[in-house]
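Single-letter residue listing:
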Amino acid sequence: MQPVAAQRLIEESFGAADAIGRVILVRGSTANIGLKRDQKPGDHDRVTVGDFLGIDTAGSRVIAVVTEASLESPPTAKEYGFAGASCVDLVGEIRVKADGEQCFMRGVSRYPSLGDAVRRISKDELRLVYGIGEEEGMEIGSLHHDVGVDASVNIDDMLQKHFAVVGTTGVGKSSGVAVLLHSVMEKRPDLRIFLIDPHNEYGRCFGDRAQTMTPANLRLPFWLFNFEEIVDIIYRGRPGLDEEIEILSDVIPLAKQLYGRGSRSERLSAPAGDSGYTVDTPVPYRLTDLISLVDQRMGKLENLSSRSTHGKLLQRISSVVNDPRYAFMFEGANVGGDTMASVIGQLFRLPTDGRPMTIMQLAGFPAETVDSVVSVLGRMAFDFGLWSDGALPLLFVCEEAHRYASANRDLGFGPTRRAISRIAKEGRKYGVFLGLVSQRPAELDSTILSQCSTLFVMRLANERDQAIIRSAVSDAAASLLSFVPSLGTREVFAFGEGVALPTRLNFKQLRSEQLPQSEAVSDAGSDFGRTVDQSFIDVVIDRWRGATLSNRLRMSEENGDQPPAKAHSKPLDPDRYRILKKPGAPSQ
Ligand SMILES: Nc1ncnc2c1ncn2[C@@H]1O[C@H](COP(=O)(O)OP(=O)(O)O)[C@@H](O)[C@H]1O
Ligand SMILES: [Mg+2]
């Protein structure tokens, strides 16, 4: 378009006839608009908070967002013949570039002056304001202002600078995450996604694009756990005893050193010098070696109390190792040799084989191991990125993030927080991107939250949560946050790097089979009148016990072998017993 023609277009579209008011005050990045007399309640043109207006200045159209509308203030507006006034934030302007193209820019170069005409902005202008190029834009829903206009985020900015989805329970966070991840997979089919799913709700959202990991099919050998993590496992989430931990810290590096040697007797008889391994080096070691080493030390001791410390440690180790619920980390852990490459390959989809996503379902794990497991996974995701120089980007998404990275340093497991914090702080350098989901942003470590440059804020009722978000967004956006307590389901404010402007939008409507938890709680919850018979209770108990069976039993059953003991036998009739959507889930 020629500049002259474009200019004329602007003039035409800003003909005085469709003006709804005039600028009566300009103050920094805000202005007051006197609204024309014929603005009656119920009038089609009525102005309310969140509306977009265009202000006709000498060389551009300034775009403004209404933050307040009033019949009363300022009182002088009425004296000048206006019906009322509204306050607006000046957020940017539409300019005509040298080639005649129109474009939207954030920030204002020419401020409106008194008397400038104010108009609603058109659908095309709205597209210009929120438009993100075809290549980098990822469509996630529609604009609140006009459901006919797609809402997009800049996918690379959103991913590379991390994002967070926050909102009260039930407002559509998990569904929103499913929308985001569906779009990410479509736009960036090679990006691998690792989703931490504490409530086993995403299992079927992504169809055959995702593999689901559970205690039954996960093999996470104990030797991949670093020292703090393995101590946490051995002491089942409670603090360990100093003397015992000291013994462990001595023998684990030795066991790692012994790993490479031949027969067991040869290994144990050879003198163990400085191994060069630390307690944290991720190389295999054998449990048998570890136990023999502690045993050997105990044999040499005269002091009764030290002997008993060693004895207790051995007991503790064997009780964990023999606990069938811990089979995912101990069973067969030394059989395949050094399986680190295959474990990492499977977890992080290398190669993707058309399934770029792993859903890590945590609900079936013993509750006291979950923190350590998330810590190992987060750490491995980061370290793989680090040591591969970010060659294979990975998006690490963590639901219930406040559980793993709590604001209160005394809560949760330090190593898990550190693993997530490391991704938040340095991940982008190594192609490891973070997506956090939380219903309690105030309880989420604020340094981690502050690294998330794109925020999807859904309804937040709690004042503390709102305050945290307010401190995380720019001043101009903060005025929009006053809407946050009143947002509906699926409605979200997007702030930050991923969007041109703070954007109020509705996430796409998901089909029922794509919804997380699609055997919806709400369905079950409304069905209090369900008749329950004895067989129902029996089935529940069967499943309950089944969740604590060893993986060996489970796998032999899955392979069609005869299980040695009665396992969780009857599957539930899905229609009848929809209330049981989380088999084995310790409800949180
Ligand atoms: N994008 C969406 N498409 C369809 N239904 C939705 C969507 N978002 C939310 N819902 C409805 O709201 C319910 C709660 O959403 P959910 O994502 O589980 O919320 P949250 O994770 O915040 O607790 C869903 O079960 C679904 O019925
Ligand atoms: Mg949820």
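Each remark here, short or long, concerns the structure printed above.
This structure is a prediction, so every number in the text was calculated from the model and none was measured. (Residues numbered from 1 in each chain as written. Chains lettered and ligands numbered in written order. Predicted model: local features only at pLDDT ≥ 70, side-chain atom pairs only at ≥ 80, totals over all residues. Heavy atoms only, no water.)

**Section: the pairing of strand E16 (residues 454-457)**
Neither face of E16 is exposed, since Thr-454 and Phe-456 on one face and Leu-455 and Val-457 on the opposite face are all buried. Of the pairings in the sheet, the one linking strand E10 (residues 163-166) to E16 comprises four bridges and is parallel in character. Looking at E16, one finds that Val-165 is bridged to Phe-456. Strand direction decides the pairing type here: E16 and strand E17 (residues 491-496), joined by four bridges, are antiparallel. Counterpart to Thr-454 in the pairing with E17 is Gly-496. (Buried < 20%, exposed > 50% of the residue type's maximum accessible area, 1.4 Å probe, protein only. Helix = DSSP H or I, 4+ residues; strand = E, 2+ residues; numbered from the N terminus. Pairing = 2+ DSSP bridges.)

**Considering the packing of aromatic side chains**
How two aromatic rings sit relative to each other is set out by the distance from centre to centre and by the angle between their planes. Counted by the stated rule, this structure contains 12 aromatic pairs. Note on Tyr-202 and Phe-206: the rings are 6.4 Å apart at their centroids and 20° apart in plane angle, and the pair reads as stacked. According to the relative accessible area criterion, Phe-206 is buried, its value standing at 3%. On the numbers, 5.5 Å between centres and 25° between planes, the contact of Phe-222 with Phe-330 is stacked. Highlighted residues: Phe-222 in the loop between strand E12 (210-213) and helix H6 (227-234) and Phe-330 in helix H11 (residues 327-330), separated in sequence by 108 residues. Taken together, the aromatic side chains of Phe-163, Phe-456 and Phe-507 make up a single cluster linked through ring pairs. (Phe/Tyr/Trp six-rings, centres within 6.5 Å; stacked < 30°, edge-to-face > 60°.)

**Describing the site of ligand 1**
Around ligand 1, a shell composed of 15 residues is seen, among which Gly-170, Lys-173, Ser-174, Ser-175 and Lys-508 lie nearest. Contact distances for ligand 1 include 3.3 Å between an oxygen atom and a backbone N or O atom of Val-171. Note that an oxygen atom of ligand 1 is positioned 3.0 Å from one of the backbone N or O atoms of Gly-172. Here ligand 1 loses 82% of its free accessible area of 560 Å² to cover by the protein chains. A class-by-class count of the residues in the shell around ligand 1 yields three nonpolar, nine polar and three charged. (Near = heavy atom within 4 Å. Polar contact = N/O pair within 3.5 Å; in protein donor to acceptor, adjacent residues only side chain to side chain. Areas by Shrake-Rupley, 256 points an atom, 1.4 Å probe, with all protein chains shown as cover. Nonpolar A, V, L, I, M, F, W, Y, C, P; charged D, E, K, R; others polar.)

**Describing the environment of Val-153**
Residue position: Val-153 is located in strand E9 (residues 150-154). When the C-alpha positions of Val-153 and Glu-136 are compared, they lie 8.1 Å apart, and in sequence the two are 17 residues distant. Beyond its immediate chain neighbours, meaning those up to four positions away, Val-153 contacts Ile-132, Glu-136, Gly-137, Met-138, Ile-140, Met-158, Phe-456, Gly-498 and Val-499. (Contact = heavy atoms within 4.5 Å.)

**Looking at the pairing of strand E8 (residues 137-143)**
For E8, a buried count of six out of seven residues is recorded, marking the element as mostly surrounded by other parts of the structure. Counted along the chain from E8 to the antiparallel partner E9, the turn is six residues long. Pairing geometry for E8 and strand E18 (residues 503-507), over three bridges, is antiparallel. Bridge assignment links Leu-143 to a residue of E18, and that residue is Leu-505.

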